[in-house]
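# A closer look at the structure
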Amino acid sequence: MLRRLPLSVCLPVLAAALLAGMLLAVGVGSVTVPLAETWDIVTGQAGDPVNTKIILDYRIPRVLLAALAGAGLSIAGAVLQALVTNPLADPYVLGISSGASVGAVLVMTMGSAVAGGLGVSSAAFAGAMLASLIVFVLGQRQGRLTPTRLVLSGVAVGYVLLAATSYLQLQANPDELRKVMFWMLGSVAGAQWDQLPAVATAVTACALGLMLYGRRLNALVTGEESATALGLDVRRARIGLLVVSSLLTGTVVAVVGGIGFVGLMIPHLVRLAFGTDHRRLLPVATLVGATYMVLVDLLSRTVDRPAELPVGIFTAVFGAPFFIMLLRREEA
């Protein structure tokens, strides 16, 4: 039934659900602000000074970053699944997250001087893009980028980088180790207003560009021979999609840490409910992924109040069973 609904109906409904989830997430936390007062503060009206500071300085940046992260990872996952023609693929299959972890943990444990003066986020982004470059080089065979080789290269590079991260963790003191573990499991707790422009620009630009590329993604999924017959330069398309999805994932992971399974689960659920046409799948996955991350972050800071848990714990709890279900479905 959902597959038959036009985008002119689906998108407004999903956008309204996202806005409702964001408003709820802005008001609820270790300190809960009444919904009416939350609405007044968000819309610029007067409110309690303490609640106003909590919402404007901490909650809104956090909720916006969660939405951007969910949208970015969902889009990247949908593109990579089309790129390797495998519904089990996600941004982390390329080792991008592992590369970001090495960069971030290097700065946390050894200091920024070791990474050329880069901060944690900058070093994480540099590590993510370096990992993508290595996977890109290894994923080619006779000058052609092949899906199977790309996946295997990503897995291999990911394990090597994971070993490097583990070694760096052994060099950390207890305080540093706690920060490292929290970052590796993913969190938007430290969101700040000055982090949002770069992430918003990357997610918006990549999302719009990929949505315009939807017809070609549909052709790519049909297979290399069929895509070539339809006039698509498959090699060039794969390289471009890999670069864009790596940039998108690297930007998100550099800010929020290693949040897994979002890029695997959301595109697949959207594909099951709304169909496989990427002109429809990508905008829907953007909104669904954003809403999902906003609600998961809300859960991470309310399930054990006033303590806060990493977002990655919950995405793994929800995502791992889904991954197993997909494996069983593929074998059937």
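Right, let's walk through the structure included here. (Residues numbered from 1 in each chain as written. Predicted model: local features only at pLDDT ≥ 70, side-chain atom pairs only at ≥ 80, totals over all residues. Heavy atoms only, no water.)

### Topic: the environment of V107
By the element assignment, V107 lies in helix α4 (residues 96-110). In this structure V107 comes out as buried when scored by relative accessible area, which is 10%. Expressed as a C-alpha distance, the spacing of V107 and L118, which sit 11 residues apart in the sequence, is 7.7 Å. Beyond its immediate stretch of four places on either side in the chain, V107 contacts S112, A115, L118, G119, V120 and A123. (Helix = DSSP H or I, 4+ residues; strand = E, 2+ residues; numbered from the N terminus. Buried < 20%, exposed > 50% of the residue type's maximum accessible area, 1.4 Å probe, protein only. Contact = heavy atoms within 4.5 Å.)

### Section: the layout of surface pockets
Estimates place the volume of the largest pocket at around 710 Å³. Contributing to the lining of the largest pocket are 29 residues, with D90, Y92, V93, S97 and S98 lying nearest its centre. At seven residues, helix α6 (residues 147-170) tops the list of elements feeding residues into the lining of the largest pocket. When the residues that make up the lining of the largest pocket are grouped by side-chain class, the tally is 16 nonpolar, 12 polar and one charged. (1 Å grid on protein atoms, 1.4 Å probe; cavity = no way out; pocket = protein on both sides within 12 Å on 5 of 7 lines; lining within 4 Å. Points joined across faces, edges and corners; volume = space filled by probe spheres on them. Nonpolar A, V, L, I, M, F, W, Y, C, P; charged D, E, K, R; others polar.)

### Side note on a nonpolar patch on the surface
The grouping of L177, M181, L185, L299, V303, I313, V317 and F318 at the surface amounts to a nonpolar patch, some 590 Å² of accessible area in total. Looking at the nonpolar patch, the elements with two or more residues in it are α7 (174-185) and α14 (311-331). Mapping V317 onto the fold places it in helix α14. (Patch = residues over 30% accessible without salt bridge, like charges linked within 9 Å, V, L, I, M, F, W, Y side chains within 5 Å. Areas by Shrake-Rupley, 256 points an atom, 1.4 Å probe, with all protein chains shown as cover. Salt bridge = Lys/Arg side-chain N within 4 Å of Asp/Glu carboxyl O.)

### Re α4
The end-to-end C-alpha distance of α4, which contains 15 residues, comes to 21 Å, matching closely the 21 Å that a straight helix rising 1.5 Å per residue would cover. The element α4 is largely enclosed, with a buried count of 13 among its 15 residues. Remark: G111 follows α4 within two positions and exhibits a positive phi of approximately 95 degrees. (Expected span 1.5 Å × (residues − 1).)

### Thoughts on the pattern of salt bridges
Evaluated as defined, the whole model comprises five salt bridges. One salt bridge in this structure joins D57 and K53, with 2.9 Å as the shortest N-O distance. Here D57 and its partner K53 are both found in helix α3 (residues 49-83), four residues apart, which amounts to about one turn of the helix. A salt bridge links D297 to R301; its shortest N-O distance comes to 3.3 Å. An identical accessibility class is assigned to D297 and R301; each is buried. What you see here is one network of salt bridges that share partners, running through R62, D297, R301 and E308.

### Some words on the packing of α4 against α7
For the pair α4 and α7, interaxial distance at closest approach is 10 Å and the crossing angle is 160 degrees. If you check the angle between α4 and α7, you find them roughly antiparallel. When you trace α4 past α7, the crossing you get is right-handed. Residues A100, S101, A104, V105, M108 and T109 of α4 lie in contact with α7, whose contacting residues are E176, K179, V180, W183 and M184. Classifying every residue of the contact of α4 with α7 gives seven nonpolar, two polar and two charged. (Axes fitted to C-alpha atoms, helices over the stretch in contact; angles between N-to-C directions. Parallel < 35°, antiparallel > 145°, perpendicular 65-115°, else oblique. Left-handed = near helix turned anticlockwise from the far one by under 90°.)

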